[in-house]
Amino acid sequence: MARARSVLVALRAVPKLSLAVIAAFVLVGALAPVIAPVDPNAQDLLRPLEGSSSAHLLGTDDLGRDQLSRLMQGARTSLTAAALVLGGALVIGLLIGAVAAMRGGLVDEALMRLTDVGLSLPSLITALATLGLLGPSYSNMILALTIVWWPAYARLTRALIISIKTRPYIEAVQLMGARQSWIMFRHLLPGAIGPVLVYATADAGFIALSVATLSFLGLGVQPPNAEWGQMLVSGLPFLETNPGLVIYPGLALTLVVVGFNLLGEAVALDKVPRPLSRRAVRRRRADALDALAAADAPRLGRTTAGEVTA
Amino acid sequence: MRRFIIRRLGTSLLVLAVSSVVIFLLVASAPGDPAQLVAERQSFGADRETVERVRKELGLDRPLPVQYIDWIGDIAVGDLGTSLKTQTDIGSDLAERVPVTARLLIGAAVFALVAGCGLAVLGTFWPGGFVDRMSRPLALLSVSIPSFYLAALLVLLFAVGLRWLPSQGDSGLRSSLLPWFTLGLAPAAVMARVVRVALAESMSRPYVTTALSKGRKRREIVIRDAVPNIAVPTMTAFAAQVGLMVTGAIVVESIFSWQGASAYFLEAVRFRDFPVMQVWLLLFAAAFIVLNTFVDIASRAIDPRLRRAMAEGMS
C-alpha cells in the first residue's frame, strides 16, 4: 500500500522533474561563459586524455581541453540551435498556415500539397539532401532543419485558424467591419498560438536530437565549437581508454531529449506544474486536440513521444 | 479490386515521375558549379578553358530538359552515371552496397516486428502486468536516446567490457547483432505501443465479450481473434517504421563502419557528389513509393471491410 502510494507520488513528480531538468540545462547553457571553469576551447597538449582531477573535474579530451567546460558550452550550442530552428519553423509555419486558412482555394491547395511533400519525406533525408546541396555549415544546418520542421506547424496552424474562424465572436468582429489583417493578428493568430506552442514543446527534444545527429555525422556544428553530438564522435576513438568522453555528452543529450518529451506529454495531457497550469492551458489543449483530429492527424507524420506513449 | 490496383499503380508511377523531375531540378539548381568542382580535382587552380572542357564532357552545357531526358533515359537502361568523387560507376558501387544495407534493414525489421508484437501480445495477455507497465517508459526512452549514443553504450558493454561481440565491421552474424539491435530498438518500442493500443481496442469489441462468456480462454481470443483483426493498422504502422529505419541506417552504418548504401549517400553529401545524390534520392523515392503502394494494395487484400467500403464508395 505504502509502496503503491510512493509510486503514485513519483509519477506526479515527473512533469516537475522534467521541467527542472530542462531549466537546469537552459541555465547552464545561458551562463556557460561565466560558470565554465576553463575556456572550453583552450588546448593543453601536454595533458591530453586525463582522468578526473581537481583542475579538470571530468578530465580532458584528446587535445587537453576541459571536458566539463565543453559540456556546458555544448548545452549552450545545442539549445541555441534548437531554439533557432524551432523559432524559424514556428514563424514560417504560422505565416503559411494563416495565409492558407485565410485565402483558401488554390493558394490553400498549393501550400498544403507543399506541406504534404515535406511531411511525407523522412526528416533526416530532407536535411541531408539540403546540406548536400548547400554544403555543410552551421547556418545551413539551421536552415535545413527549419525546412524539415515548418510543414507540421503550417498544417496545425491552418487547422486551428479554420476552426476558430467559424466561431461567433469572429463573425461579430467581421460584421463590425474589421479588416482581414486586424482579425488575423488580433484574433486568429493569438487564438492559434497556444496549441501550437503545446505541440512545439514535444518537438523541441527531437530538434535537439537532430542537431546532435547532424553534428555527429560531421554536417552540423563544426569543430572546434563544442556541441554534444560532435564531442561524442570525436570521443569515439578513445572509447576503450576514456569512455567518459562519449558517456557524458550522450547522457546530457539524452537527458534533455527525455526532459522535453516528458514535458511535452505532460503539457498535452494538462499535467503541468503549478505556475503554468491555468484553465487557459486546459482550453488550449482541447483546442489542440480538436485541431489535430481535424488536421488529419496521421499526416502530421512525425511520431512524437506523445503519440507513442499516449 | 483489379481496377483499384491498376489505378493505384498509375498514381504511383505519376508520383515517381514528378519526384524524378523535382530531384533532378533541385540538384541541378544547387549553388556551386559541378564542372568547376571536377576540374579543380583534376588539376589545382583549373583555368576557365579546362572548366569549360569539363563542362562539355559532363554534358552540363546543354539545356536542362535535354539533360533531364538524357539522365532519366540512361537510368531506364541501367546506366546510373559516374561518381564525381571516385570516377567509378554508380551502378556497380550500389550493386556492392545495397545488399549490405538490405541485410541491416531486414535484421532490424524482423527484430522490431517480433519484439514489438511480442511485447504487445504479452501486455494484452496480462493487462496492467509488468510487461504492460514497462512498455511506456521503454518507448519514451528508446525514441529519446540518440541511436549513436545507444550504439556507443552497447559497444562499451558488449565489445569493450564483456568482449562478446566485435565493436564494428561487417563480417558474419556476430558483428550484425549490435547494429540490428541499435536500429531496431526504437521501431520495436513504437510497434509495441501501436499494436498494444490496437489490441486493446479490438479486445473491447462485443464479439470478445461473447467469446469470453462462452468460456473461451482470454489468451486464445487474443491470438485467434484480436490479432488477425489488427493486421492492417499494424502493417501501416510498420511500413512507416521501415521508412524511418532507412534513415536510421545512415547513422548506424556510419558508427559500425558498414559499407552500405546509406553510408554511400552520406559520403556523397559530404563531398557534394551530385550525380550520386541524384541517383540515390531517386532510388530512395522509388523504394518509398513501392512500399506505400504495396501497403495500400495489401491492406485491401487482407481486410474485406476495406474492399466493401471501396465498392460502396464507387457505386
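Residues numbered from 1 in each chain as written. Chains lettered and ligands numbered in written order. Predicted model: local features only at pLDDT ≥ 70, side-chain atom pairs only at ≥ 80, totals over all residues. Heavy atoms only, no water.

On to the overall build of chain B. Scanning chain B for helices and strands turns up 14 helices and 0 strands. When the helices and strands of chain B are listed from N to C terminus, the series reads α-α-α-α-α-α-α-α-α-α-α-α-α-α. At 25 Å, chain B has a C-alpha radius of gyration far larger than the 20 Å of a compact globule built from 315 residues. Dimensions of chain B, computed from the C-alpha atoms along their principal axes, are close to 85 × 65 × 30 Å. (Helix = DSSP H or I, 4+ residues; strand = E, 2+ residues; numbered from the N terminus. Rg over C-alpha atoms; globule rule 2.2 N^0.38 Å.)

Below, the discussion takes up the overall build of chain A. Assigned secondary structure in chain A consists of 11 helices and 0 strands. Each helix (α) and strand (β) of chain A, taken in turn from the N terminus, gives the series α-α-α-α-α-α-α-α-α-α-α. In chain A, the share of contacts with a sequence separation of at least 24, taken over all contacts with a separation of at least 6, comes to 70%. Total accessible area on chain A stands at roughly 14,300 Å², and carbon and sulfur atoms take up 66% of it. (Contact = heavy atoms within 4.5 Å. Areas by Shrake-Rupley, 256 points an atom, 1.4 Å probe, with all protein chains shown as cover.)

We now examine unusual backbone geometry. Residue and element names in this part refer to chain B. With phi around 65°, Q87 is a residue other than glycine that occupies positive phi space. Looking at where Q87 falls in the secondary structure, it is placed in the loop between α4 (64-76) and α5 (90-125). Owing to a relative accessible area of 51%, Q87 belongs among the exposed residues under this scheme. For R272, which is not glycine, the phi dihedral falls at a positive 50°. With relative accessibility at 18%, the residue R272 sits in the buried group. (Buried < 20%, exposed > 50% of the residue type's maximum accessible area, 1.4 Å probe, protein only.)

Right, let's get into the nonpolar core. Membership of the largest hydrophobic core comes to 147 residues, with the highest contact counts inside it found for L128(A), Y153(A) and W228(A). At 18 residues, helix α7 (residues 180-216) of chain A tops the list of elements feeding residues into this core. By size, the runner-up hydrophobic cluster in this structure holds 6 residues, among which are A35(B), V38(B), V51(B) and V54(B). (Core = buried A, V, L, I, M, F, W, Y, C linked by side-chain atoms within 4.5 Å.)

For the rest of this paragraph, the subject is the environment of P127(B). Residue and element names in this part refer to chain B. Here P127 is to be found in the loop between α5 and α6 (130-144). Owing to a relative accessible area of 47%, P127 belongs among the partly exposed residues under this scheme. Contacts of P127, omitting those with residues within four sequence positions, involve D132, R196 and R218.

Residue and element names in this part refer to chain B. As for its position among the elements, T182 is in helix α8 (residues 177-203). Of the polar contacts made by the side chain of T182, one reaches the backbone oxygen of L178; its length is 2.7 Å. Beyond its immediate chain neighbours, meaning those up to four positions away, T182 contacts S147, L150, A151, L154, V252 and F256. (Polar contact = N/O pair within 3.5 Å; in protein donor to acceptor, adjacent residues only side chain to side chain.)

To continue, consider the domain arrangement of chain B. One can read the domain layout of chain B as domain 1 (2-76) and domain 2 (90-203 + 231-271). Placing the centre of domain 1 of chain B and that of domain 2 of chain B at their C-alpha centroids yields a distance of 34 Å. (Domains from an automatic or database assignment.)

All right, on to the packing of aromatic side chains then. All names here are of chain B. The tally for this structure, following the rule as stated, stands at 12 aromatic pairs over all chains. Ring plane angle 40° and centroid distance 6.1 Å describe the contact between F158 and W164, whose orientation is recorded as tilted. An aromatic cluster is defined as three or more aromatic residues linked by ring pairs; in this entry it consists of F265, W280, F284 and F288. The cationic tip of K85 hangs over the ring face of F271; the distance from NZ or CZ to the ring centre is 4.5 Å. When the ring centre of F125 is taken as reference, the NZ or CZ atom of R219 above it lies at 5.9 Å. (Phe/Tyr/Trp six-rings, centres within 6.5 Å; stacked < 30°, edge-to-face > 60°. Lys NZ or Arg CZ within 6 Å of the ring centre and 35° of its normal.)

Our focus in this paragraph is the pattern of salt bridges. Using the criterion set out here, one finds 13 salt bridges over all chains in the structure. Across the pair D116(A) and R113(A) runs a salt bridge, and its minimum N-O distance is 2.8 Å. Remark: R113(A) and D116(A) occur in helix α3 (residues 105-120); sequence separation between them is 3 residues, near one turn of the helix. Given the relative accessible area of 36%, R113(A) is considered partly exposed. With a closest N to O distance of 2.7 Å, R196(B) and D132(B) form a salt bridge. (Salt bridge = Lys/Arg side-chain N within 4 Å of Asp/Glu carboxyl O.)

This brings us to the packing of helix α2 (residues 67-103) of chain A against α7(A). Residue and element names in this part refer to chain A. α7 packs onto α2 with a crossing angle of 140° between their chain directions and a minimal axis gap of 8 Å. Seen from above, α2 lies across α7 with right-handed handedness. Residues A81, A82, V85, L86, L90, L94, A98 and M102 of α2 lie in contact with α7, whose contacting residues are Q180, M184, L188, L189, I193, V196, L197, A200, A204, I207, A208 and V211. Its residues assigned to classes, the contact of α2 with α7 shows 19 nonpolar, 1 polar and no charged. (Axes fitted to C-alpha atoms, helices over the stretch in contact; angles between N-to-C directions. Left-handed = near helix turned anticlockwise from the far one by under 90°. Nonpolar A, V, L, I, M, F, W, Y, C, P; charged D, E, K, R; others polar.)

Our next topic: a nonpolar patch on the surface. Residues L27(A), L31(A), V34(A) and I35(A) make up a contiguous nonpolar surface patch of roughly 380 Å² in combined accessible area. When you line up the elements, V34(A) lands in helix α1 (residues 2-35). (Patch = residues over 30% accessible without salt bridge, like charges linked within 9 Å, V, L, I, M, F, W, Y side chains within 5 Å.)

Contacts between the two partners involve 42 residues from chain B and, on the opposite side, 41 residues from chain A. Roughly 3,300 Å² of surface becomes buried between chain B and chain A when both sides are summed, with 78% attributable to carbon and sulfur atoms. Counting the surface chain B buries against chain A, the share from its top three residues, L140(B), F148(B) and Y149(B), is 19%. Counting every contact that joins chain B to chain A gives 0 salt bridges. Counting across the chain B and chain A interface gives 6 residue pairs in polar contact (both at pLDDT 80 or more). Put simply, the parts of the chain that give the side of chain B that touches chain A at least two residues each are α1 (2-28), α6, α7 (147-161), α8, α11 (231-255), α12 (261-270) and α13 (274-302) of chain B. The element that contributes the greatest number of residues to the side of chain B that touches chain A is α11(B), accounting for 8 residues. By residue class, the composition of the side of chain B that touches chain A is 32 nonpolar, 5 polar and 5 charged. (Buried area = accessible area lost by both parts, 1.4 Å probe.)

This brings us to the confidence of the model for chain B. Residue and element names in this part refer to chain B. On average, residues of chain B score 86 in pLDDT, and 97% of them reach the 70 mark or higher. Per-element mean pLDDT across chain B ranges from 69 in helix α14 (residues 304-314) up to 92 in α5. Among the prediction metrics, the complex's ipTM stands at 0.83, with pTM recorded as 0.82. (pLDDT = per-residue confidence, 0-100.)

Relative to the helices and strands, S262(B) resides in helix α12. The class for S262(B) is buried, based on a relative accessible area of 1%.

Looking now at the confidence of the model for chain A. All names here are of chain A. In this model, chain A carries an average pLDDT of 79, and 82% of its residues clear a pLDDT of 70 or more. Below a pLDDT of 50 lies the segment residues 272-280, which in the model reaches 9 contacts outside its immediate sequence neighbourhood of four places, other chains included. Ignoring residues within four places in sequence, the model shows residues 293-310, a span with pLDDT below 50, making 38 contacts including any to other chains.

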